[in-house]
Amino acid sequence: MIKNLLGAGNIVREADVVIVGAGTVGLVMSVLLSNRSSLSVICLESGDMHQEGEEHSLNEVVQEKSIYAGALSGRFRCIGGTSTRWGGALIPFLDSDLANYNWPITMADLEKYIPEVEKIFSLAEGSYDLDEEICSSYNATHTPRLAKWPPFKKRNVYNIFNVECNHDKGPEIWINATATDFYTDSGELKSIVARSHDGSEIKVSAKKVILAAGAIETTRMALLIDKQNSNIISKESPSLGKFFSDHLSVEVAEIEARDLRKLNKIVGFRFEKNGMRNLRFELANKSSAREEIPPCFAHISFTTNGNGGFDALRDVFRALQKRRSPSIKMFLKIITSLPWFLKALWWRIVEKRLLFPADAKIMVHMVIEQVPNAQNRITLSGIKTDSFGKELSSISWSVTDQDIDNLTKSVDFFEKMWADSKLSSLAIFKRHPNGIAEKELSLGGGIYHPTGSTRMASTAHEGVVDKDLRIFSLPNVYLVSTSVLPNGGGANPTMMLFLLGIRCVDNILKSKN
């Protein structure tokens, strides 16, 4: 049942589990724990039912070095959180993405939960690897993989679980409830106080606590717990807040088609019964390139002049995702682009591909893992506070020379793979002039995949949480956000977040028995 803390006065609750954050993974965990057990579950959500704007005042941070755009953009406080704007790509990491970075778990520990994620989002069954041999078959540095995208209406997790969220037997979800104070005793977090802007507050005591409020806010809450309770975390885990990283993305080349139709069929978005799939090129598990560069992936997209039928269709879907009605201007643009729509419809039905727009430029984007660096970190500002009087996050982040060098090498490997594979017969890889992509990356190329600031590890000295996501010094507290990933990996991290979240639910339910 969803309740509003605004106007509720002072409330005291007890629960078996309290979850902070009703966003992408927090809402899913709240429902799963409530549905699969007799556990009482309370979820505290800082935002309202919807976030109308693209930025939220409570996401303000202090920027110390380069501007980390993901501090404000790409973060949403509301039921469903960032999934209310999420593109939807889901794909698990490869084994080497974990093994080479000393994760305390392996992909084998997580793979058994993939079918459950696929069921939740109604994804098509089947491998994430592309069967066609489009990369060079001998000693290939790259492997083609296909991310799965849920049907549009299922990208917002609240749309999936709205019945459970509004049922009196579901989790007790409080909106406009910002967690501000954390009380520990005898090595456990005993209670949390959350407040609303009208002065109402709720104090929840619970046996287990899950912080699932996104990478930056989850790290901030861990820092607040630490400061409010005599450095209870950092005394054992000095890496708290450190190694803050992101994926870095930049356009590196243009593709000049030799056979546009075949190229479109191979690299264009693929439509399936349940959603879509898109192609990317990741470093193969045993790629020799892994000895020289961190995980990375290349994907092919297109740019338009912004006035075509594809742009109009995209604007309509974005409006619907934000729960807004499409404008008349959007529909007029669709009507004027009717010839492309008819052809695109044929491709959709027959070829099961998204047709490249007529005016499209086909581009290659390289996405590289930022090398974990202890100097890139999140701390508490010490001076600036939010509207509840709690210190803001202070982010010290920048792209390093090593990151720029890794970009150059990543493109070198990909360009060679292209030349040696059947892709070269379909299109010419026209790399941008020397230094152009590197210069753009140096200005900050984060794509809102933050990781590393509360790393999971085998020991408290190496990280903040153990293999089961429990804070080493507070074992009844679980951190479930991409901040626990020791590195960014060679793919979008959202699937890994869901796998870790469902594994956490499984572990909690097992410990109950």
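Residues numbered from 1 in each chain as written. Predicted model: local features only at pLDDT ≥ 70, side-chain atom pairs only at ≥ 80, totals over all residues. Heavy atoms only, no water.

### Some thoughts on the overall build of the protein chain
No. 1: Of regular secondary structure, the protein chain possesses 13 helices and 19 strands.
No. 2: Relative to the globule expectation of 24 Å for 513 residues, the C-alpha radius of gyration of the protein chain, 23 Å, shows essentially globular dimensions.
No. 3: Taken along its principal axes, the extent of the C-alpha atoms in the protein chain is 65 × 50 × 45 Å.
No. 4: Pairs at least 24 residues apart make up 75% of the contacts formed inside the protein chain by residues separated by at least 6 positions.
No. 5: Surface exposure of the protein chain reaches about 21200 Å², of which carbon and sulfur atoms provide 51%. (Helix = DSSP H or I, 4+ residues; strand = E, 2+ residues; numbered from the N terminus. Rg over C-alpha atoms; globule rule 2.2 N^0.38 Å. Contact = heavy atoms within 4.5 Å. Areas by Shrake-Rupley, 256 points an atom, 1.4 Å probe, with all protein chains shown as cover.)

### A word on the pattern of salt bridges
No. 1: According to the stated counting rule, one finds 31 salt bridges in the structure shown.
No. 2: Between Lys148 and Glu118 there is a salt bridge; the shortest N-O distance is 2.9 Å. With a gap of 30 residues between them, Lys148 in strand E5 (residues 142-149) and Glu118 in helix H4 (residues 114-120) connect regions that are remote in the sequence.
No. 3: On the basis of relative accessibility, which here comes to 1%, the residue Lys148 falls in the buried class.
No. 4: Glu282 is the salt-bridge partner of Arg280, the closest N and O atoms lying 3.9 Å from each other. (Salt bridge = Lys/Arg side-chain N within 4 Å of Asp/Glu carboxyl O. Buried < 20%, exposed > 50% of the residue type's maximum accessible area, 1.4 Å probe, protein only.)

### Some details on the environment of Tyr448
No. 1: Its place among the elements puts Tyr448 in the loop between helix H12 (436-442) and strand E18 (470-471).
No. 2: Its relative accessible area of 38% is what places Tyr448 among the partly exposed residues.
No. 3: In this structure the C-alpha to C-alpha distance between Tyr448 and Tyr68, which are 380 residues apart in sequence, comes to 9.0 Å.
No. 4: The residues touching Tyr448, leaving out its near neighbours within four places in the chain, are Tyr68, Ala69, Gly70, Ser73, Gly74 and Asp246.

### Some points on the sheet that holds strand E4 (residues 61-63)
No. 1: The mixed open sheet is built from 3 strands, whose spatial order is E4-E16-E15. With one partner strand each, in any of the chains shown, E4 and strand E15 (377-385) form the two edges of the open sheet. Strand-to-strand, the axes of this sheet are offset by a mean angle of 35 degrees, without reference to chain direction.
No. 2: Where E15 and strand E16 (residues 391-396) come together, 5 bridges link them in antiparallel fashion. For Thr379, the partnering residue across the bridge sits in E16 and is Ser394.
No. 3: This element, helix H6 (residues 215-228), spans E15 and E16 of the sheet and lies at about 65 degrees to E15. (Pairing = 2+ DSSP bridges. Axes fitted to C-alpha atoms, helices over the stretch in contact; angles between N-to-C directions.)

### Some points on helix H1 (residues 26-35)
No. 1: With 9 of its 10 residues buried, H1 lies for the most part within the structure.
No. 2: Burial in H1 covers these residues: Gly26, Leu27, Val28, Met29, Ser30, Val31, Leu32, Leu33 and Ser34.

### So, the packing of helix H7 (residues 260-267) against helix H10 (residues 338-351)
No. 1: Taken N-terminus to C-terminus, the directions of H7 and H10 make an angle of 60 degrees; their axes are 12 Å apart at the nearest point. Put simply, H7 runs oblique to H10. As for the relative orientation of H7 and H10, their crossing is right-handed in sense. The residues of H10 that touch H7, namely those facing Arg261, Asn264 and Lys265, are Trp346, Trp347 and Glu351.
No. 2: For the contact of H7 with H10, the per-class residue count stands at 2 nonpolar, 1 polar and 3 charged. (Parallel < 35°, antiparallel > 145°, perpendicular 65-115°, else oblique. Left-handed = near helix turned anticlockwise from the far one by under 90°. Nonpolar A, V, L, I, M, F, W, Y, C, P; charged D, E, K, R; others polar.)

### Section: the pairing of strand E7 (residues 178-185)
No. 1: Here 7 bridges tie E7 to strand E8 (residues 188-195), and the two strands are oriented antiparallel to one another. Within E8, the residue paired with Asp181 across the bridge is Val193.
No. 2: Between E7 and E8, which pair antiparallel and follow one another directly, the connecting turn spans 2 residues, one of which, Ser186, has a positive phi of 55 degrees.

### Topic: the packing of aromatic side chains
No. 1: In total, this model carries 12 aromatic pairs according to the counting rule given.
No. 2: Ring centres of Tyr68 and Phe244 lie 5.0 Å apart, and the angle between their planes is 80 degrees; this geometry places the pair in the edge-to-face category. Taken together, the residues span a long stretch of sequence, with Tyr68 in the loop between E4 and helix H2 (95-99) and Phe244 in the loop between H6 and strand E10 (247-257) at a distance of 176 residues.
No. 3: Assessed through its relative accessible area of 0%, Phe244 is described here as buried.
No. 4: Taken together, a centroid distance of 5.0 Å and an interplanar angle of 55 degrees make the contact between Phe121 and Phe498 tilted. A residue pair is termed long-range when its members are at least 10 positions apart, and Phe121 in the loop between H4 and E5 and Phe498 in helix H13 (residues 494-512) qualify at 377 residues. Exposure class is identical for Phe121 and Phe498. Each is buried.
No. 5: What links up through ring pairs into an aromatic cluster is the set Phe281, Phe414, Trp418 and Phe429.
No. 6: Of note, Arg280 hangs over the ring of Phe297, and the distance from its end group to the ring centre comes to 4.6 Å. (Phe/Tyr/Trp six-rings, centres within 6.5 Å; stacked < 30°, edge-to-face > 60°. Lys NZ or Arg CZ within 6 Å of the ring centre and 35° of its normal.)

### Quick look at a nonpolar patch on the surface
No. 1: There is a patch of nonpolar side chains on the surface, built from Leu345, Trp346, Ile349 and Val350 and spanning about 390 Å² of accessible area.
No. 2: Relative to the helices and strands, Leu345 is located in helix H10. (Patch = residues over 30% accessible without salt bridge, like charges linked within 9 Å, V, L, I, M, F, W, Y side chains within 5 Å.)

### Overview of helix H5 (residues 157-165)
For an α-helix the count is 3.6 residues per turn, leaving residues at separations of three or four pointing the same way.
No. 1: Residues of H5 that are buried: Val157, Tyr158, Ile160, Phe161 and Cys165. The buried residues of H5 all sit within an arc of 150 degrees when viewed along its axis, so they share a single face. (Arc of directions from axis to C-beta.)

### Considering the environment of Ala284
No. 1: If you trace the backbone, Ala284 turns up in the loop between strand E12 (276-283) and strand E13 (296-303).
No. 2: Along the backbone, Ala284 and Asp97 are 187 residues apart, and their C-alpha atoms lie at a distance of 9.9 Å.
No. 3: Once you skip the residues sitting within four places of it in the chain, Ala284 turns out to touch Ala140, Thr141, His142, Thr143 and Arg290.

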